[in-house]
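Observations on the model geometry
Chain residues, written in single-letter form:
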Amino acid sequence: YQQTHQWSTRMMQRHTVPQAKFSYDLSPVEVVVSKGDRRWYDFVTQVLAIIGGAFSVISLSMGFINLTAAQLKNVLGKRS
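The present account deals with the structure reproduced in this document. (Residues numbered from 1 in each chain as written. Predicted model: local features only at pLDDT ≥ 70, side-chain atom pairs only at ≥ 80, totals over all residues. Heavy atoms only, no water.)

Further remarks concern the overall build of the chain. The helix and strand inventory of the chain stands at one helix and zero strands. Overall size of the chain, expressed as C-alpha extent along the three principal axes, is 70 × 60 × 15 Å. Per-residue burial over the chain gives 0% buried out of 80 residues. Put simply, the chain shows about 9,300 Å² of open surface, and 59% of that area lies on carbon and sulfur atoms. Charged side chains in the chain number 9 positive and 4 negative. The centres of these two groups are separated by 27 Å. (Helix = DSSP H or I, 4+ residues; strand = E, 2+ residues; numbered from the N terminus. Buried < 20%, exposed > 50% of the residue type's maximum accessible area, 1.4 Å probe, protein only. Areas by Shrake-Rupley, 256 points an atom, 1.4 Å probe, with all protein chains shown as cover. Lys, Arg positive; Asp, Glu negative; His and termini not counted. Charge placed at Lys NZ, Arg CZ, Asp CG, Glu CD.)

Among the secondary structure elements, I65 is positioned in helix α1 (residues 40–79). Given the relative accessible area of 47%, I65 is considered partly exposed. Distance from I65 to W40, taken between C-alpha atoms, is 38 Å for residues 25 residues apart in sequence.

Time to look at the layout of surface pockets. Any empty space left between atoms is shown by rolling a water-sized probe over those atoms. The computed volume of the second largest pocket comes to approximately 410 Å³. Around the second largest pocket, the lining residues are S8, T9, R10, M12, V17, P18, Q19, A20, K21 and F22. (1 Å grid on protein atoms, 1.4 Å probe; cavity = no way out; pocket = protein on both sides within 12 Å on 5 of 7 lines; lining within 4 Å. Points joined across faces, edges and corners; volume = space filled by probe spheres on them.)

Quick look at the packing of aromatic side chains now. Scanning the entire structure with this criterion turns up one aromatic pair. Taking the centre distance of 5.7 Å and the plane angle of 80° together, the rings of W40 and Y41 count as edge-to-face. According to the relative accessible area criterion, W40 is exposed, its value standing at 64%. By relative accessible area, Y41 is classed as partly exposed at 43%. (Phe/Tyr/Trp six-rings, centres within 6.5 Å; stacked < 30°, edge-to-face > 60°.)

On the surface, W40, Y41, F43, V44, V47, L48 and I51 cluster together to form a nonpolar patch covering roughly 760 Å² of accessible area. Mapped onto the elements of the fold, Y41 is located in helix α1. (Patch = residues over 30% accessible without salt bridge, like charges linked within 9 Å, V, L, I, M, F, W, Y side chains within 5 Å. Salt bridge = Lys/Arg side-chain N within 4 Å of Asp/Glu carboxyl O.)

This part takes up the environment of L76. Within the secondary structure, L76 is located in helix α1. On the accessibility criterion, L76 (52% relative accessible area) is exposed. Counting along the chain gives 24 residues from L76 to G52, while the straight-line C-alpha distance between them is 36 Å.

Dropping the structure here:
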(Lines give C-alpha, C1' and ligand atoms only; values in the text may rest on other atoms or scores of the structure.)
Protein backbone atom coordinates (compact mmCIF):
# COMPACT_ATOMS: atom_id res chain seq x y z
CA TYR A 1 0.00 0.00 0.00
CA GLN A 2 1.43 3.34 -1.00
CA GLN A 3 0.09 6.85 -0.54
CA THR A 4 1.55 10.05 -1.95
CA HIS A 5 0.71 13.63 -1.15
CA GLN A 6 1.42 16.88 -2.94
CA TRP A 7 0.84 20.31 -1.46
CA SER A 8 0.53 23.52 -3.41
CA THR A 9 -1.13 26.89 -2.89
CA ARG A 10 -2.43 29.10 -5.63
CA MET A 11 -3.94 32.57 -5.81
CA MET A 12 -7.34 32.50 -7.52
CA GLN A 13 -9.50 35.18 -9.04
CA ARG A 14 -12.59 36.28 -7.14
CA HIS A 15 -15.15 34.56 -9.40
CA THR A 16 -13.24 31.29 -9.81
CA VAL A 17 -14.72 28.23 -8.10
CA PRO A 18 -12.13 26.27 -6.08
CA GLN A 19 -11.73 22.60 -6.94
CA ALA A 20 -10.33 19.52 -5.30
CA LYS A 21 -9.09 16.81 -7.62
CA PHE A 22 -8.54 13.23 -6.50
CA SER A 23 -7.12 10.45 -8.60
CA TYR A 24 -6.84 6.81 -7.61
CA ASP A 25 -4.77 4.07 -9.14
CA LEU A 26 -6.17 0.80 -7.89
CA SER A 27 -4.01 -2.20 -8.47
CA PRO A 28 -5.81 -5.50 -9.04
CA VAL A 29 -6.46 -7.65 -6.01
CA GLU A 30 -6.64 -11.40 -6.15
CA VAL A 31 -8.75 -13.42 -3.77
CA VAL A 32 -8.22 -17.15 -3.67
CA VAL A 33 -11.07 -19.17 -2.22
CA SER A 34 -10.52 -22.81 -1.53
CA LYS A 35 -12.82 -25.28 0.12
CA GLY A 36 -11.33 -27.68 2.59
CA ASP A 37 -12.51 -30.16 5.14
CA ARG A 38 -13.54 -28.73 8.49
CA ARG A 39 -12.83 -30.59 11.65
CA TRP A 40 -15.44 -31.14 14.34
CA TYR A 41 -13.48 -29.09 16.86
CA ASP A 42 -13.66 -26.04 14.59
CA PHE A 43 -17.45 -26.17 14.86
CA VAL A 44 -17.33 -26.66 18.65
CA THR A 45 -14.90 -23.75 19.01
CA GLN A 46 -17.16 -21.44 17.01
CA VAL A 47 -20.25 -22.41 19.00
CA LEU A 48 -18.46 -21.88 22.31
CA ALA A 49 -17.15 -18.51 21.09
CA ILE A 50 -20.69 -17.38 20.26
CA ILE A 51 -21.99 -18.56 23.64
CA GLY A 52 -19.11 -16.84 25.46
CA GLY A 53 -19.62 -13.59 23.57
CA ALA A 54 -23.35 -13.60 24.30
CA PHE A 55 -22.64 -14.28 27.99
CA SER A 56 -20.16 -11.39 28.13
CA VAL A 57 -22.56 -8.92 26.50
CA ILE A 58 -25.44 -9.97 28.76
CA SER A 59 -23.24 -9.75 31.88
CA LEU A 60 -22.02 -6.27 30.97
CA SER A 61 -25.58 -5.14 30.21
CA MET A 62 -26.91 -6.49 33.50
CA GLY A 63 -24.07 -4.83 35.42
CA PHE A 64 -24.85 -1.50 33.79
CA ILE A 65 -28.57 -1.87 34.52
CA ASN A 66 -27.93 -2.82 38.16
CA LEU A 67 -25.53 0.10 38.65
CA THR A 68 -28.00 2.55 37.11
CA ALA A 69 -30.86 1.19 39.23
CA ALA A 70 -28.78 1.50 42.42
CA GLN A 71 -27.83 5.09 41.59
CA LEU A 72 -31.46 5.99 40.84
CA LYS A 73 -32.58 4.48 44.15
CA ASN A 74 -29.89 6.45 45.92
CA VAL A 75 -30.86 9.74 44.24
CA LEU A 76 -34.60 9.20 44.78
CA GLY A 77 -34.01 8.15 48.39
CA LYS A 78 -32.16 11.41 49.16
CA ARG A 79 -35.02 13.52 47.77
CA SER A 80 -37.66 11.96 50.04
